Amino acid sequence: MTTTADDRDGAATASPDQLVPTPRTILGPYFTLGMHVRPTLQPAGHQVPITVSGRVLNAQGEPVIMTMVETSQPEGWTRYFTGLDGAYEITTVKPQATPGRSPHLMLLIMSGNFMIRPAVTCLYFPDEDNDTDELLQQLTPEQRATMLARRTDVGYEFDIHLAGDSETTFLGWPGLLDDEE
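Residues numbered from 1 in each chain as written. Predicted model: local features only at pLDDT ≥ 70, side-chain atom pairs only at ≥ 80, totals over all residues. Heavy atoms only, no water.

A.B. asks: Where do I start with the overall build of the chain in this structure?
C.D. replies: Within the chain one finds one helix and nine strands. From first element to last, N terminus to C terminus, the chain shows the α and β order β-β-β-β-β-β-α-β-β-β. Within the chain, the fraction of its 181 residues that count as buried is 42%. Considering only contacts in the chain between residues 6 or more positions apart, those separated by 24 or more positions represent 54%. Summed over all atoms, the accessible surface of the chain reaches about 10,300 Å², with 52% contributed by carbon and sulfur. (Helix = DSSP H or I, 4+ residues; strand = E, 2+ residues; numbered from the N terminus. Buried < 20%, exposed > 50% of the residue type's maximum accessible area, 1.4 Å probe, protein only. Contact = heavy atoms within 4.5 Å. Areas by Shrake-Rupley, 256 points an atom, 1.4 Å probe, with all protein chains shown as cover.)

Here it is, written out as C-alpha cells:
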C-alpha cells in the first residue's frame, strides 16, 4: 500500500506484492503487509449496491488521515483508509434485518489512539424501522442519533467523530476490548 503526492486526496492504493511504508503519523509509518483496501462488496443475486461515504473527524472537527474504516455484515466486509481529507467511501449492500436488530453495518475504526483498541460502532439507515432494535433501545436519543446515517442523492453519509461534542457512540466488543487481567 502506498500513498504518493500524485494521489488525488492522499488515499492509499494497494498492490498485494508491495511492502512500502504508509505516510508518517504520530505512531507510524507502518508497513501495510496484510492491510489491503477492499472498498467494494460485490452484490450477489438480487442485492442492490449502496454507497456509504463520510469523514473521520477529531474533537475539533478536523479530518483524521490514514484511518482504517472497516465494515462488517453477514454479506461480507469492506475496508478503506482515509486520505488527507479524512474521507472514506465504500460500496456495499444494505444488510437484512435479523431477529431483534434492524439493518445495520458494524464499523471498526483504527487510528491513532485506536490502534491498540479499535473503536467499534454501528451505522443504522434512516429509511428503516429502527424503533425495535434491541441495541438502540438501550441508548439515549442523543446516542442513537450519532449512529444514524443520512440519506443523500447517491447513497448514505456517515461521519465518524472520534471525540468532542459530536462524538459517535462507540460500543464494547466482548473479547476485543476487554481489559486483560
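From this point, the narrative continues.
A.B. asks: Before we go on, may I ask you to explain the packing of aromatic side chains in this structure?
C.D. replies: Two numbers describe a pair of aromatic rings. These are the distance of the centres and the angle of the planes. Enumeration according to the criterion identifies one aromatic pair in this entry. Centre to centre, the rings of Phe-125 and Tyr-156 are 4.9 Å apart; their planes meet at 75°, and the pair counts as edge-to-face. Note that Phe-125 is positioned in the loop between β6 (119–124) and α1 (141–145) and Tyr-156 in strand β8 (residues 155–157), a separation of 31 residues in sequence. Lying over the aromatic face of Phe-125, Lys-94 brings its terminal NZ or CZ to 5.0 Å of the ring centre. The positively charged end of Arg-151 is found above the aromatic ring belonging to Tyr-156, 4.6 Å away from the centroid. (Phe/Tyr/Trp six-rings, centres within 6.5 Å; stacked < 30°, edge-to-face > 60°. Lys NZ or Arg CZ within 6 Å of the ring centre and 35° of its normal.)

A.B. asks: Is there a simple way to think about the pattern of salt bridges in this case?
C.D. replies: Opposite charge on two side chains makes pairing possible when the charged atoms of those side chains draw close. All told, the structure shown has seven salt bridges when counted by the stated rule. Across the salt bridge formed by Glu-70 and Arg-79, the nearest N and O atoms sit 2.6 Å from each other. Judged by relative accessible area, Glu-70 falls into the buried class, the value being 19%. The salt bridge partner of Glu-128 is Lys-94, with a shortest N-O separation of 3.2 Å. Of the two residues, Glu-128 is situated in the loop between β6 and α1 and Lys-94 in the loop between β4 (87–93) and β5 (104–110); the sequence distance between them amounts to 34 residues. Accessibility expressed as a relative area gives 29% for Glu-128, which makes it partly exposed. Within the structure, one salt-bridge network assembled from shared partners comprises Lys-94, Asp-127, Glu-128 and Arg-151. (Salt bridge = Lys/Arg side-chain N within 4 Å of Asp/Glu carboxyl O.)

A.B. asks: How do you make sense of the sheet that holds β6 when you look at a structure like this?
C.D. replies: The pairing of strands in a sheet happens through backbone hydrogen bonds and is either parallel or antiparallel. What the four strands build is an open sheet, ordered β3-β2-β5-β6; its pairing is antiparallel. Looking at strand neighbours, the two that pair on one side only are β3 (76–81) and β6, the edges of this open sheet. Ignoring which end each strand starts from, the neighbouring axes of this sheet average 20° apart. As paired elements, strand β2 (residues 68–73) and β5 share five bridges and run antiparallel to each other. In the sheet register, Glu-70 faces β5, and the bridge partner there is Leu-108. (Pairing = 2+ DSSP bridges. Axes fitted to C-alpha atoms, helices over the stretch in contact; angles between N-to-C directions.)

A.B. asks: Is there a simple way to explain the environment of Leu-57 in this structure?
C.D. replies: The topology assignment puts Leu-57 in strand β1 (residues 49–57). Taking C-alpha positions, Leu-57 is 4.9 Å from His-161, a pair spaced 104 residues apart along the chain. Excluding residues within four positions of it along the chain, Leu-57 makes contact with Glu-62, Pro-63, Val-64, Asp-159, Ile-160, His-161 and Leu-162.

A.B. asks: I keep staring at the nonpolar core and nothing clicks. Help me out?
C.D. replies: If you look at soluble globular proteins, the nonpolar side chains tend to sit buried side by side. Val-52, Val-56, Tyr-88, Leu-107, Leu-123, Phe-158 and Ile-160 are the most contacted members of the largest nonpolar core, which totals 19 residues. For this core, the elements supplying multiple residues, two or more each, are β1, β4, β5 and β6. Membership of the second largest hydrophobic core comes to seven residues, among which are Tyr-124, Leu-135, Leu-139 and Leu-171. (Core = buried A, V, L, I, M, F, W, Y, C linked by side-chain atoms within 4.5 Å.)

A.B. asks: Which parts of the structure should I look at to understand the confidence of the model for the chain?
C.D. replies: A low pLDDT score tells you not to read the predicted coordinates there in detail. Residues with a pLDDT of 70 or more make up 71% of the chain, whose mean pLDDT is 79. Segment residues 26–33: pLDDT under 50, and 18 contacts once partners within four positions in sequence are set aside and those in other chains are kept. (pLDDT = per-residue confidence, 0-100.)

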